[in-house]
Amino acid sequence: MMEWIDLRSDTVTLPPEKMRAAMAAAELGDDVYGEDPTINRLQMLAAERLGKGAALFLPSGTMGNLAAVLAHCGRGDEVIMGDCAHTFLYEAGGIAALGGVHPFIIPNQADGTLKISDIKRAVRAPDAHFPTSKLLILENTHNRCGGVSLTRAYMLEAARTAREAGLAIHLDGARIFNAAVDQGVPASALVDMVDSVTFCLSKGLCAPVGSVLCGSQDFIAKAHRIRKQLGGGMRQAGVLAAAGILALEEMVDRLIEDHQHATALAAGLGEVPGLRLDKGSPKTNMVYVEIDAGLGLTAQECAAQLRKEGVLVGITGERHFRLVSHYWIRDEHLPMVVNAFKKVLST
Ligand code: TLP
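Residues numbered from 1 in each chain as written. Predicted model: local features only at pLDDT ≥ 70, side-chain atom pairs only at ≥ 80, totals over all residues. Heavy atoms only, no water.

## Description of unusual backbone geometry
So, point 1. For the bond from Asn 140 to Thr 141, the omega torsion is 0 degrees, close enough to zero to count as cis.
So, point 2. In this structure, Pro 282 follows Ser 281 across a cis peptide bond, with omega equal to 5 degrees.
So, point 3. With respect to the helices, strands and loops of the structure, Pro 282 is situated in the loop between strand 9 (275-277) and strand 10 (286-291).
So, point 4. Not every positive phi belongs to a glycine, and Ala 92 is a case in point at roughly 55 degrees. (Helix = DSSP H or I, 4+ residues; strand = E, 2+ residues; numbered from the N terminus.)

## Focus: the side chain of Ser 149
So, point 1. Mapped onto the elements, Ser 149 comes out in the loop between strand 5 (132-139) and helix 7 (152-164).
So, point 2. Within the structure, the side chain of Ser 149 is placed 2.6 Å from the side chain of Asp 182, a separation counted as a polar contact.
So, point 3. One polar contact links Ser 149 to Gln 183, side chain to side chain, over a distance of 3.1 Å.
So, point 4. If we skip the residues at most four places from it in the chain, Ser 149 touches Asn 140, Thr 141, Ala 179, Asp 182, Gln 183 and Thr 284. (Polar contact = N/O pair within 3.5 Å; in protein donor to acceptor, adjacent residues only side chain to side chain. Contact = heavy atoms within 4.5 Å.)

## Quick look at a nonpolar patch on the surface
So, point 1. A surface patch of nonpolar side chains, amounting to about 270 Å² of accessible area, comprises Phe 88, Leu 89 and Tyr 90.
So, point 2. For Phe 88, the location among the structural elements is in helix 4 (residues 86-89).
So, point 3. Residue class for Phe 88 comes out partly exposed when judged on its relative accessible area of 35%. (Patch = residues over 30% accessible without salt bridge, like charges linked within 9 Å, V, L, I, M, F, W, Y side chains within 5 Å. Areas by Shrake-Rupley, 256 points an atom, 1.4 Å probe, with all protein chains shown as cover. Salt bridge = Lys/Arg side-chain N within 4 Å of Asp/Glu carboxyl O. Buried < 20%, exposed > 50% of the residue type's maximum accessible area, 1.4 Å probe, protein only.)

## Considerations on helix 12 (residues 299-308)
So, point 1. Buried residues of helix 12: Ala 299, Cys 302, Ala 303 and Leu 306, and no others. For helix 12, the buried positions fall inside an angular range of 100 degrees around the axis, keeping them on one side. Summarising the geometry of helix 12, the exposed residues directed more than 90 degrees from the buried face are Gln 300 and Lys 308.
So, point 2. Looking at the packing, one finds that the buried side of helix 12 touches strand 10, strand 11 (311-312), strand 12 (314-317), strand 13 (320-324) and helix 13 (333-346).
So, point 3. Positive backbone phi, approximately 90 degrees, marks Gly 310, located one or two places after helix 12. (Arc of directions from axis to C-beta.)

## Overview of the sheet that holds strand 12
Adjacent strands of a sheet pair through backbone hydrogen bonds, lying either parallel or antiparallel.
So, point 1. Across the sheet, four strands lie side by side as 9-10-13-12; this open sheet has antiparallel pairing. Only two strands of the sheet have a single neighbouring strand rather than two, namely strand 9 and strand 12. Each neighbouring strand pair of the sheet contributes to a mean axis angle of 35 degrees, computed without reference to strand direction.
So, point 2. Bridge count between strand 12 and strand 13: three bridges; the pairing is antiparallel. Within the sheet, the bridge partner assigned to Ile 315 lies in strand 13 and is Phe 321.
So, point 3. Running at roughly 15 degrees to strand 10, helix 11 (residues 255-269) makes contact with strand 9, strand 10 and strand 13 of the sheet.
So, point 4. Sitting on the sheet, helix 13 is in contact with strand 9, strand 10 and strand 13, with an inclination near 165 degrees to strand 13. (Pairing = 2+ DSSP bridges. Axes fitted to C-alpha atoms, helices over the stretch in contact; angles between N-to-C directions.)

## Some details on the sheet that holds strand 6 (residues 168-172)
So, point 1. Spatially, the seven strands line up as an open sheet ordered 2-8-7-6-5-3-4, and their pairing is mixed. The open sheet terminates on both sides in strands that have one partner only, identified here as strand 2 (54-58) and strand 4 (102-106). Taken pair by pair, the neighbouring strands of this sheet meet at an average axis angle of 20 degrees, ignoring direction.
So, point 2. Of the pairings in the sheet, the one linking strand 7 (residues 196-200) to strand 8 (residues 211-215) comprises four bridges and is antiparallel in character. Considered in strand 8, the bridge of Val 197 is made with Cys 214.
So, point 3. In this fold helix 3 (residues 61-72) packs onto strand 2, strand 3 (77-82), strand 5, strand 6, strand 7 and strand 8, with an angle of close to 170 degrees to the strand it touches most, strand 7.
So, point 4. Sheet strands touched by helix 7: strand 5 and strand 6. Its angle to strand 5, the strand with the most contacts, is close to 175 degrees.

## Focus: the domain arrangement of the protein chain
So, point 1. Here the protein chain is described as being made up of domain 1 (14-250) and domain 2 (254-345).
So, point 2. Summarising the inter-unit geometry, the C-alpha centres of domain 1 and domain 2 are found 28 Å apart.
So, point 3. Counting residues at the interface gives 19 residues for domain 1, matched by 13 residues for domain 2.
So, point 4. Across the interface of domain 1 and domain 2, roughly 1,400 Å² is buried in total on both sides, 59% from carbon and sulfur atoms.
So, point 5. Linking domain 1 with domain 2 are zero salt bridges, by the criterion used here.
So, point 6. Taken together, the links from domain 1 to domain 2 amount to five residue pairs in polar contact (both at pLDDT 80 or more).
So, point 7. With four residues, the single largest contributor to the side of domain 1 that touches domain 2 is helix 8 (residues 176-183).
So, point 8. Taken together, the residues that form the side of domain 1 that touches domain 2 break down as eight nonpolar, seven polar and four charged. (Domains from an automatic or database assignment. Buried area = accessible area lost by both parts, 1.4 Å probe. Nonpolar A, V, L, I, M, F, W, Y, C, P; charged D, E, K, R; others polar.)

## A closer look at the site of the ligand
So, point 1. Around the ligand, the structure places 15 residues, and the nearest of them are Ser 9, Gly 61, Thr 62, Asp 172 and Arg 175.
So, point 2. For the ligand, an oxygen atom lies 2.8 Å from a polar atom in the side chain of Arg 175.
So, point 3. For the ligand, the protein covers 80% of the area, taking 510 Å² as the surface of the free molecule.
So, point 4. Considering every element that reaches the shell around the ligand, the biggest residue donor is helix 3, with three residues.
So, point 5. Each residue belonging to the shell around the ligand can be placed in one class, and the counts come to one nonpolar, eight polar and six charged. (Near = heavy atom within 4 Å.)

And the structure:
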């Protein structure tokens, strides 16, 4: 069987052996009764790591963001977020479909930020014609903006702006630990200014399933009920939480290796004729590249050829790819990926 070099996402990571062992040994109970000791331990650990009052384990980042928006907003309320936000692009419109929540979209800057002046302009005046502005969503690291991490200084400024306008702030921190490791700061220093934050265990941290929503105790009590409404109340899910605990305790610091691999991969890919790094790439564990229009090759065709070489990449546009490094990408894979691109683009 071919061993794939799978760079489509860090979501493809399988749990390492020691994680499987922790899962097998997990102490379990019924979490809908609040009786799963492993889930309770994960939630306490997550709240502590992010410096929040409480935390809630959920099946996915999408459900975490949705539960957060539903806890902050009612029907007809409005959420301000970027045009490249995951919640806007890739969450199936859940906030509108299930919550009647209206998105107000402003442009993301190349560095993943939203202009402070754009946030201010997006806030609605109190007028019966308008939706009610309730929430600002930020994303860190910012996936579609290249995996860039937003600084504490920016987060503070954006949060202050939102708060002055009476808005709450939710952070889609699916990869907040990548941002923290990138900047050499604790994750709590990137989230103390927001009201709620979702982070994912099943991306670079290698857990097979799960995300955690953190916030104040009152907020999490509300989100807990919403999780039940969404069908996300799980039973002996401590088997998953055990993976999450190991992820938080042992997989965070090593994320720096993924960032180093992305940098090395980008250096190699930047030398491949016909291939260009997207502006600003690489950042944290992501490399975004574009193939020259002159080659007359679509990303679909190119990805199909790369697959024959054992390399899987994510297609993000007509001629664009995203490559994401993660636990299972090793040093020796990097030249193999560069060579596969060279071969495919030269034929
Ligand atoms: N992102 C996935 C795809 O959905 C694009 C990926 O491969 O990167 N927030 C951010 C910033 C994300 O990148 C993702 C997943 C989520 C939320 C949703 O997490 P899940 O997949 O657990 O629902």
